[in-house]
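Residue-level structural notes
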Amino acid sequence: MYSNIKAAVVGSINMDIILNMERVPEVGENVLGTDYGYANGGKGANQATALAKLGANVKMIGKVADDDNGHKLIEGLKKNKIDASAVAISGSQTGLAAIILDGEGKNRIVVYEGANAEINPDEAVASINDDLNLLMVQFETNEDVVIASVNHAIKKGITTVIDCGPAKNFSLEKMQGATIVSPNESETFALTGIEPNDDESILKASKILMERSKAKYIVLKLGSRGCAVFDGETIKYFAPYKSNVVDTTAAGDCFTAALALEYVKSGDIFKAADMGNRAGSIAVSRMGAENSMPGVDELLKF
(Lines give C-alpha, C1' and ligand atoms only; values in the text may rest on other atoms or scores of the structure.)
Protein backbone atom coordinates (compact mmCIF):
# COMPACT_ATOMS: atom_id res chain seq x y z
CA MET A 1 0.00 0.00 0.00
CA TYR A 2 2.79 2.43 0.91
CA SER A 3 5.76 0.33 -0.25
CA ASN A 4 6.66 2.69 -3.10
CA ILE A 5 7.04 5.69 -0.76
CA LYS A 6 10.55 6.79 0.18
CA ALA A 7 10.56 8.67 3.48
CA ALA A 8 13.14 10.22 5.77
CA VAL A 9 12.78 11.30 9.37
CA VAL A 10 15.05 13.90 10.93
CA GLY A 11 14.64 13.60 14.65
CA SER A 12 15.28 12.20 18.07
CA ILE A 13 16.40 8.72 19.03
CA ASN A 14 15.98 7.91 22.73
CA MET A 15 16.11 5.04 25.13
CA ASP A 16 12.82 5.10 27.06
CA ILE A 17 12.42 3.98 30.64
CA ILE A 18 8.73 3.36 31.33
CA LEU A 19 7.59 3.72 34.95
CA ASN A 20 4.13 2.27 35.65
CA MET A 21 2.12 3.28 38.71
CA GLU A 22 -1.52 3.55 39.74
CA ARG A 23 -1.19 7.30 40.28
CA VAL A 24 1.49 9.98 40.07
CA PRO A 25 2.88 11.01 43.48
CA GLU A 26 2.26 14.44 44.96
CA VAL A 27 5.25 16.62 45.90
CA GLY A 28 7.21 14.93 48.71
CA GLU A 29 5.16 11.73 48.49
CA ASN A 30 6.42 8.19 47.80
CA VAL A 31 4.23 5.90 45.71
CA LEU A 32 4.91 2.22 45.01
CA GLY A 33 5.14 1.54 41.30
CA THR A 34 3.71 -1.54 39.65
CA ASP A 35 6.53 -2.31 37.19
CA TYR A 36 9.08 -0.67 34.88
CA GLY A 37 10.84 -1.48 31.64
CA TYR A 38 13.01 -0.15 28.82
CA ALA A 39 12.01 0.45 25.20
CA ASN A 40 13.45 2.04 22.08
CA GLY A 41 11.92 5.49 21.59
CA GLY A 42 12.31 9.14 20.69
CA LYS A 43 9.70 10.91 18.59
CA GLY A 44 11.89 10.68 15.50
CA ALA A 45 12.63 6.98 15.85
CA ASN A 46 8.99 6.29 16.76
CA GLN A 47 7.80 7.97 13.59
CA ALA A 48 10.41 6.17 11.49
CA THR A 49 9.27 2.86 12.97
CA ALA A 50 5.61 3.68 12.37
CA LEU A 51 6.37 4.56 8.73
CA ALA A 52 8.37 1.36 8.26
CA LYS A 53 5.69 -0.85 9.82
CA LEU A 54 3.21 0.66 7.36
CA GLY A 55 5.48 -0.46 4.52
CA ALA A 56 7.40 2.68 3.54
CA ASN A 57 11.11 2.71 2.75
CA VAL A 58 12.52 4.78 5.61
CA LYS A 59 15.80 6.50 6.40
CA MET A 60 16.48 7.77 9.92
CA ILE A 61 18.63 10.90 10.26
CA GLY A 62 19.87 11.61 13.78
CA LYS A 63 22.58 11.02 16.36
CA VAL A 64 23.34 8.73 19.30
CA ALA A 65 26.43 8.23 21.47
CA ASP A 66 28.93 5.39 21.30
CA ASP A 67 27.40 3.73 24.36
CA ASP A 68 25.23 0.70 25.16
CA ASN A 69 21.95 2.54 24.63
CA GLY A 70 23.15 4.03 21.36
CA HIS A 71 24.12 0.66 19.90
CA LYS A 72 20.87 -0.94 21.07
CA LEU A 73 18.86 1.82 19.40
CA ILE A 74 20.77 1.45 16.12
CA GLU A 75 20.12 -2.28 16.14
CA GLY A 76 16.45 -1.61 16.87
CA LEU A 77 16.17 0.63 13.82
CA LYS A 78 17.82 -1.98 11.60
CA LYS A 79 15.55 -4.70 13.00
CA ASN A 80 12.57 -2.66 11.80
CA LYS A 81 14.13 -2.39 8.32
CA ILE A 82 15.02 1.28 8.74
CA ASP A 83 18.12 2.63 7.00
CA ALA A 84 20.31 3.86 9.87
CA SER A 85 23.29 4.90 7.74
CA ALA A 86 22.57 8.60 8.44
CA VAL A 87 22.56 8.13 12.22
CA ALA A 88 25.85 9.48 13.60
CA ILE A 89 27.40 7.58 16.52
CA SER A 90 29.40 10.43 18.01
CA GLY A 91 27.18 12.17 20.56
CA SER A 92 28.11 12.98 24.14
CA GLN A 93 25.29 10.87 25.60
CA THR A 94 22.43 8.96 24.00
CA GLY A 95 19.03 10.59 24.51
CA LEU A 96 16.82 9.29 27.32
CA ALA A 97 13.11 9.68 28.09
CA ALA A 98 11.52 8.83 31.43
CA ILE A 99 7.85 8.02 30.84
CA ILE A 100 5.58 8.07 33.89
CA LEU A 101 2.40 6.12 33.14
CA ASP A 102 -0.59 6.15 35.49
CA GLY A 103 -3.40 3.64 35.92
CA GLU A 104 -5.58 5.44 33.36
CA GLY A 105 -2.97 5.17 30.62
CA LYS A 106 -2.09 8.87 30.76
CA ASN A 107 1.57 9.77 30.51
CA ARG A 108 4.01 12.38 31.72
CA ILE A 109 7.38 12.43 29.97
CA VAL A 110 10.77 13.91 30.88
CA VAL A 111 13.23 14.01 27.97
CA TYR A 112 17.02 14.30 28.21
CA GLU A 113 18.16 15.36 24.74
CA GLY A 114 21.80 14.29 24.84
CA ALA A 115 23.05 13.53 21.32
CA ASN A 116 19.75 14.66 19.79
CA ALA A 117 20.75 18.26 20.51
CA GLU A 118 24.10 17.76 18.76
CA ILE A 119 22.96 16.83 15.23
CA ASN A 120 24.84 18.83 12.59
CA PRO A 121 22.42 20.76 10.29
CA ASP A 122 24.67 20.39 7.22
CA GLU A 123 24.97 16.65 7.72
CA ALA A 124 21.21 16.31 8.14
CA VAL A 125 20.51 18.26 4.95
CA ALA A 126 23.09 16.23 3.01
CA SER A 127 21.17 13.07 3.90
CA ILE A 128 17.86 14.34 2.43
CA ASN A 129 18.00 12.83 -1.06
CA ASP A 130 16.20 14.23 -4.10
CA ASP A 131 14.28 10.98 -4.63
CA LEU A 132 12.41 11.25 -1.32
CA ASN A 133 8.61 11.49 -1.34
CA LEU A 134 8.29 12.49 2.31
CA LEU A 135 10.23 14.23 5.07
CA MET A 136 9.01 14.21 8.67
CA VAL A 137 10.45 16.27 11.52
CA GLN A 138 9.61 17.05 15.15
CA PHE A 139 10.98 19.45 17.76
CA GLU A 140 13.08 17.03 19.87
CA THR A 141 16.27 18.10 18.10
CA ASN A 142 17.98 21.45 17.84
CA GLU A 143 15.99 24.18 16.09
CA ASP A 144 18.62 24.88 13.41
CA VAL A 145 18.50 21.25 12.27
CA VAL A 146 14.71 21.25 11.93
CA ILE A 147 14.63 24.57 10.06
CA ALA A 148 17.45 23.64 7.66
CA SER A 149 15.94 20.22 6.92
CA VAL A 150 12.42 21.52 6.33
CA ASN A 151 13.50 24.39 4.09
CA HIS A 152 15.73 22.09 2.05
CA ALA A 153 12.87 19.61 1.54
CA ILE A 154 10.42 22.39 0.60
CA LYS A 155 12.84 23.67 -2.06
CA LYS A 156 13.15 20.13 -3.44
CA GLY A 157 9.35 19.78 -3.66
CA ILE A 158 9.27 16.98 -1.09
CA THR A 159 6.07 16.53 0.93
CA THR A 160 7.07 17.91 4.33
CA VAL A 161 5.25 17.11 7.57
CA ILE A 162 6.05 18.96 10.80
CA ASP A 163 4.98 17.25 14.02
CA CYS A 164 5.09 20.04 16.60
CA GLY A 165 6.16 17.98 19.60
CA PRO A 166 7.27 18.47 22.24
CA ALA A 167 5.40 21.64 23.15
CA LYS A 168 7.43 24.80 22.61
CA ASN A 169 7.01 28.12 20.81
CA PHE A 170 9.09 27.09 17.82
CA SER A 171 10.07 29.57 15.08
CA LEU A 172 7.50 28.48 12.49
CA GLU A 173 8.10 31.71 10.55
CA LYS A 174 11.52 30.37 9.57
CA MET A 175 9.91 27.39 7.76
CA GLN A 176 7.45 28.79 5.23
CA GLY A 177 5.36 26.49 3.05
CA ALA A 178 5.50 23.02 4.61
CA THR A 179 2.80 20.61 3.50
CA ILE A 180 1.33 19.76 6.91
CA VAL A 181 1.87 21.28 10.35
CA SER A 182 0.39 19.07 13.07
CA PRO A 183 0.42 19.95 16.79
CA ASN A 184 -1.55 18.31 19.60
CA GLU A 185 -3.52 20.31 22.18
CA SER A 186 -0.61 21.33 24.45
CA GLU A 187 1.60 22.08 21.44
CA THR A 188 -1.15 24.23 19.94
CA PHE A 189 -1.28 26.26 23.15
CA ALA A 190 2.52 26.66 23.18
CA LEU A 191 2.51 27.92 19.58
CA THR A 192 -0.59 30.13 19.70
CA GLY A 193 -1.47 30.86 23.33
CA ILE A 194 -4.89 29.32 22.64
CA GLU A 195 -6.30 26.17 24.23
CA PRO A 196 -8.20 24.35 21.45
CA ASN A 197 -11.20 23.35 23.56
CA ASP A 198 -14.14 24.36 21.33
CA ASP A 199 -14.95 25.14 17.69
CA GLU A 200 -14.12 28.83 17.98
CA SER A 201 -10.74 28.34 19.67
CA ILE A 202 -9.78 25.49 17.31
CA LEU A 203 -10.46 27.65 14.27
CA LYS A 204 -8.67 30.66 15.75
CA ALA A 205 -5.59 28.60 16.65
CA SER A 206 -5.57 26.97 13.20
CA LYS A 207 -5.62 30.38 11.51
CA ILE A 208 -2.68 31.58 13.62
CA LEU A 209 -0.69 28.44 12.79
CA MET A 210 -1.48 28.86 9.10
CA GLU A 211 -0.40 32.50 9.18
CA ARG A 212 2.84 31.72 11.02
CA SER A 213 3.87 28.74 8.87
CA LYS A 214 2.14 29.32 5.50
CA ALA A 215 1.58 25.54 5.51
CA LYS A 216 -0.81 23.95 3.05
CA TYR A 217 -2.74 22.25 5.87
CA ILE A 218 -2.99 22.52 9.64
CA VAL A 219 -3.99 19.27 11.34
CA LEU A 220 -4.74 19.55 15.06
CA LYS A 221 -4.50 16.34 17.07
CA LEU A 222 -7.28 16.62 19.67
CA GLY A 223 -6.79 13.42 21.71
CA SER A 224 -10.10 11.77 22.57
CA ARG A 225 -11.88 14.21 20.24
CA GLY A 226 -10.04 13.01 17.14
CA CYS A 227 -8.54 15.66 14.85
CA ALA A 228 -9.36 18.83 12.93
CA VAL A 229 -8.11 19.76 9.44
CA PHE A 230 -7.83 23.40 8.30
CA ASP A 231 -7.05 24.21 4.67
CA GLY A 232 -6.94 27.99 5.00
CA GLU A 233 -10.66 28.44 4.37
CA THR A 234 -12.67 25.76 6.12
CA ILE A 235 -12.17 23.38 9.02
CA LYS A 236 -13.34 19.78 9.15
CA TYR A 237 -13.48 17.45 12.15
CA PHE A 238 -12.78 13.72 12.21
CA ALA A 239 -14.06 11.75 15.19
CA PRO A 240 -11.77 9.10 16.70
CA TYR A 241 -12.39 5.38 16.46
CA LYS A 242 -13.47 3.65 19.65
CA SER A 243 -10.60 2.03 21.52
CA ASN A 244 -9.65 0.74 24.97
CA VAL A 245 -7.00 3.22 26.14
CA VAL A 246 -3.98 1.49 27.72
CA ASP A 247 -1.03 3.76 26.87
CA THR A 248 -1.06 7.01 24.88
CA THR A 249 2.75 7.26 24.56
CA ALA A 250 3.16 6.84 20.77
CA ALA A 251 -0.37 7.62 19.60
CA GLY A 252 0.57 10.99 18.12
CA ASP A 253 3.56 9.53 16.28
CA CYS A 254 1.42 6.74 14.79
CA PHE A 255 -1.26 9.23 13.81
CA THR A 256 1.19 11.54 12.05
CA ALA A 257 2.96 8.70 10.22
CA ALA A 258 -0.28 7.27 8.84
CA LEU A 259 -1.56 10.76 8.00
CA ALA A 260 1.63 11.55 6.07
CA LEU A 261 1.78 8.28 4.12
CA GLU A 262 -1.85 8.38 3.08
CA TYR A 263 -1.50 11.99 1.98
CA VAL A 264 1.56 11.17 -0.14
CA LYS A 265 -0.29 8.21 -1.65
CA SER A 266 -3.69 9.77 -2.35
CA GLY A 267 -3.23 13.53 -2.10
CA ASP A 268 -6.46 13.58 -0.08
CA ILE A 269 -5.95 15.29 3.29
CA PHE A 270 -9.37 14.17 4.59
CA LYS A 271 -8.71 10.52 3.79
CA ALA A 272 -5.27 10.97 5.37
CA ALA A 273 -6.81 12.37 8.58
CA ASP A 274 -9.13 9.38 8.85
CA MET A 275 -6.18 7.01 8.37
CA GLY A 276 -4.30 8.89 11.08
CA ASN A 277 -7.22 8.43 13.47
CA ARG A 278 -7.24 4.71 12.78
CA ALA A 279 -3.53 4.40 13.56
CA GLY A 280 -3.78 6.49 16.72
CA SER A 281 -6.73 4.48 18.03
CA ILE A 282 -4.84 1.22 17.55
CA ALA A 283 -1.73 2.63 19.22
CA VAL A 284 -3.47 3.70 22.45
CA SER A 285 -4.84 0.19 22.95
CA ARG A 286 -1.33 -1.26 23.41
CA MET A 287 1.50 -0.77 25.88
CA GLY A 288 4.77 0.85 24.78
CA ALA A 289 5.81 2.81 21.71
CA GLU A 290 7.26 0.39 19.16
CA ASN A 291 4.91 -2.46 20.09
CA SER A 292 1.84 -0.28 19.67
CA MET A 293 2.40 0.61 16.03
CA PRO A 294 0.08 -1.09 13.54
CA GLY A 295 0.81 -2.63 10.17
CA VAL A 296 -1.13 -1.88 6.99
CA ASP A 297 -3.49 -4.86 7.33
CA GLU A 298 -4.50 -3.83 10.85
CA LEU A 299 -5.03 -0.25 9.71
CA LEU A 300 -7.37 -1.25 6.90
CA LYS A 301 -9.36 -3.70 9.02
CA PHE A 302 -9.76 -1.39 12.03
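For the structure given in this document, a descriptive report is provided here. From a predicted model like this one, the values you see are computed outputs, not experimental measurements.

**Quick word on unusual backbone geometry**
- With an omega of 0°, the peptide bond running from Gly 165 to Pro 166 counts as cis.
- Tracing the backbone shows Pro 166 in the loop between β9 (159-163) and β10 (180-182).
- One non-glycine residue, Lys 81, lies in positive phi territory at about 65°.
- Within the element layout of this structure, Lys 81 appears in the loop between α2 (68-79) and β5 (83-91).
- One non-glycine residue, Lys 214, adopts positive backbone phi at about 55°.
- For Lys 214, the location among the structural elements is in the loop between α6 (199-213) and β11 (217-221).

**Quick notes on the pattern of salt bridges**
- In total, this model carries 14 salt bridges according to the counting rule given.
- As a salt-bridge pair, Arg 212 and Glu 173 come within 2.6 Å of each other at their nearest N and O atoms. Linking Arg 212 in helix α6 with Glu 173 in the loop between β9 and β10, this pair joins segments that are 39 residues apart in sequence.
- Given a relative accessible area of 43%, Glu 173 falls into the partly exposed group.

**A short note on the packing of helix α7 (residues 251-266) against helix α8 (residues 269-283)**
- One can describe the packing of α7 onto α8 by two numbers: an axis separation of 7 Å at closest approach and a directional angle of 150°. Relative to α8, the element α7 lies roughly antiparallel. In the packing of α7 onto α8, the handedness of the crossing is right-handed. Residues Ala 251, Cys 254, Phe 255, Ala 258, Leu 259, Glu 262, Tyr 263 and Ser 266 of α7 touch α8, and the partners they reach there are Ile 269, Lys 271, Ala 272, Ala 273, Met 275, Gly 276, Asn 277, Ala 279, Gly 280 and Ala 283.
- In terms of residue class, the contact of α7 with α8 is made up of 12 nonpolar, 4 polar and 2 charged.

**Quick word on empty space enclosed by the protein**
- If you walk through the whole model with that rule in mind, you get 1 cavity of 30 Å³ or more.
- Its boundaries defined by the atoms lining it, the largest cavity holds a volume of some 70 Å³.
- Elements that contribute at least two residues to the lining of the largest cavity include exactly β3 (35-41), α1 (43-53) and α2.
- When grouped by side-chain class, the residues that make up the lining of the largest cavity number 3 nonpolar, 6 polar and 1 charged.

**Things to note about the environment of Ile 282**
- For Ile 282, the position within the fold is in helix α8.
- Linking Ile 282 and Asn 244, residues 38 residues apart in sequence, is a C-alpha distance of 8.9 Å.
- Those residues in contact with Ile 282 that sit more than four places away from it in its chain are Ser 292, Pro 294, Glu 298, Leu 299 and Phe 302.

**Thoughts on the sheet that holds β3**
- Taken together, the 4 strands give an open sheet; going across it, the order is β3-β2-β6-β7, and neighbouring strands pair in mixed fashion. Here the strands that pair on one side only, and so sit at the sheet edges, are β3 and β7 (107-112). For this sheet, the mean angle separating the axes of adjacent strands, direction not counted, is 20°.

**Topic: the side chain of Asp 102**
- By the secondary structure assignment, Asp 102 is in the loop between β6 (95-101) and β7.
- Among the polar contacts made by the side chain of Asp 102, one reaches the main-chain amide nitrogen of Glu 104 at a distance of 2.9 Å.
- Only 3.0 Å separates the side chain of Asp 102 from the backbone nitrogen of Lys 106, close enough to count as a polar contact.
- Residues within four places of Asp 102 in sequence aside, it is in contact with Met 21, Glu 22, Arg 23, Val 24 and Arg 108.

**A short note on the pairing of strand β8 (residues 134-137)**
- Along β8, one buried face is formed by Leu 134 and Met 136 and the opposite face, lined by Leu 135 and Val 137, is buried too.
- Sheet topology places strand β1 (residues 6-10) next to β8; 4 bridges connect them, and they run parallel. Within the sheet, the bridge partner assigned to Ala 7 lies in β8 and is Leu 134.
- The handedness of the β8 to β9 crossover, carried by helix α4 (residues 143-155), is right-handed.

Basis of the calculations
Residues numbered from 1 in each chain as written. Predicted model: local features only at pLDDT ≥ 70, side-chain atom pairs only at ≥ 80, totals over all residues. Heavy atoms only, no water. Helix = DSSP H or I, 4+ residues; strand = E, 2+ residues; numbered from the N terminus. Salt bridge = Lys/Arg side-chain N within 4 Å of Asp/Glu carboxyl O. Buried < 20%, exposed > 50% of the residue type's maximum accessible area, 1.4 Å probe, protein only. Axes fitted to C-alpha atoms, helices over the stretch in contact; angles between N-to-C directions. Parallel < 35°, antiparallel > 145°, perpendicular 65-115°, else oblique. Left-handed = near helix turned anticlockwise from the far one by under 90°. Contact = heavy atoms within 4.5 Å. Nonpolar A, V, L, I, M, F, W, Y, C, P; charged D, E, K, R; others polar. 1 Å grid on protein atoms, 1.4 Å probe; cavity = no way out; pocket = protein on both sides within 12 Å on 5 of 7 lines; lining within 4 Å. Points joined across faces, edges and corners; volume = space filled by probe spheres on them. Pairing = 2+ DSSP bridges. Polar contact = N/O pair within 3.5 Å; in protein donor to acceptor, adjacent residues only side chain to side chain. Right-handed = clockwise from strand over helix to strand, strands pointing away.

Everything listed is a geometric property; what it means functionally is a separate question.
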